[in-house]
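Residue-level structural notes
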Amino acid sequence: MNKTRIKITPSILGIDYGRMNEHLAELAPFSDMFHVDVMDGNFVPNLTIGMPIVSCIKTDVPLDCHLMIRNPHRYVEQFVEAGADSITIHAEASLHLAPDVEKIKKAGAKACVAINPETPVEKIAAVLPMLDMVLVMSINPGFGGQKFMPEVLEKVRWIREHYPNLDIQIDGGINDETAPLAIEAGANVLVSGSYILKSRDYEGAVASLKKNR
Ligand code: DX5
Ligand code: ZN
């Protein structure tokens, strides 16, 4: 049983960008953070938004920018300048992970590192003590609406066992059926995109993710 408060961070990948700030205002009362998916069409096959759009977001909800881009150190300062409160970089996309984590902190943001489903937790063992948050991907990054991969929960368990107080995010395929599995394994920050956005009742959808504990 995970007694930590569960935080919900809607992925804004699928919002209506034509009325971005209104749409985000509708989600805000039920959101602990907004999860901003930034894709470069290289590290992942999809292409999304960058700093200019992030800088147009007007909200009091903290912004967590999930950078699915190669060599993310090139853009850290610019995303902080654009309004990112925390920055997530991928272990697989960074050339020098520890210096990149330091760079995020120096720029004034919280630092998070993500690992893809096939990446072993050993790859980030050395930087875990430096992090404000870690993100375990439960899908291959690139697209919303994919199926949750339960095999990644072993990594969540290992991290929770060794870092009882670390914020552990899980991202991909989180819905009312998979959220309890992630929480049971030790995740306390749930990223959820299509499940929340496809629901007409954001409050109910968010509440259903925190249930069954
Ligand atoms: C995928 C993104 C995810 C995605 C989650 O590359 O990093 O954040 O938006 O969407 P769902 O919840 O639909 O799997
Ligand atoms: Zn994401």
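Each remark here, short or long, concerns the structure printed above.
What counts and how
Residues numbered from 1 in each chain as written. Chains lettered and ligands numbered in written order. Predicted model: local features only at pLDDT ≥ 70, side-chain atom pairs only at ≥ 80, totals over all residues. Heavy atoms only, no water. Donors = N, O, S within 2.8 Å, 3.2 Å for Na, K, Ca; no water. Tetrahedral: all angles 85-135°; square planar, octahedral: opposite > 155°, others 65-115°. Helix = DSSP H or I, 4+ residues; strand = E, 2+ residues; numbered from the N terminus. Buried < 20%, exposed > 50% of the residue type's maximum accessible area, 1.4 Å probe, protein only. Polar contact = N/O pair within 3.5 Å; in protein donor to acceptor, adjacent residues only side chain to side chain. Contact = heavy atoms within 4.5 Å. Salt bridge = Lys/Arg side-chain N within 4 Å of Asp/Glu carboxyl O. Lys, Arg positive; Asp, Glu negative; His and termini not counted.

What to know about the coordination of the zinc ion (ligand 2)
Only H35 (NE2), D37 (OD), H66 (ND1) and D171 (OD) from the protein coordinate the zinc ion (ligand 2), and they sit 2.0 to 2.3 Å from it. For the zinc ion (ligand 2), the six donor atoms are set out with angles of 74 to 172° between them, so the coordination reads as octahedral. Each donor residue of the zinc ion (ligand 2) belongs to the same chain, with the gaps between them written as H-x1-D-x28-H-x104-D. Taken together, the positions of H66 in strand β3 (residues 63-68) and D171 in strand β7 (residues 167-171) put the pair 105 residues apart, joining distant regions of the chain.

Details of the side chain of T178
Mapped onto the secondary structure, T178 falls in the loop between β7 and α6 (179-185). With a relative accessible area of 10%, T178 lands in the buried category. Among the polar contacts listed, one links the side chain of T178 to the backbone nitrogen of N175, at a separation of 2.8 Å. Apart from the residues lying within four places of it in its own chain, the contact partners of T178 are F148 and G173.

Comments concerning the pattern of salt bridges
Scanning the entire structure with this criterion turns up seven salt bridges. In this structure, the salt-bridge partner of R5 is D32, at a minimum N-O distance of 2.9 Å. Here D32 lies in the loop between α1 (20-27) and β2 (34-39) and R5 lies in the segment before β1 (7-10), a separation of 27 residues in the sequence. Assessed through its relative accessible area of 23%, D32 is described here as partly exposed. The network of salt bridges with shared partners includes D16, R19 and E26.

Here we look at the side chain of D37
Secondary-structure assignment places D37 in strand β2. K198 provides the closest opposite charge to the buried, salt-bridge-free D37, at an N-O distance of 13 Å. A distance of 2.8 Å separates a polar atom in the side chain of D37 from a polar atom in the side chain of H35. Of the polar contacts made by the side chain of D37, one reaches the side chain of H66; its length is 3.1 Å. The contacts of D37, once residues within four sequence positions are left out, are S11, L13, T48, I49, H66, M68 and D171.

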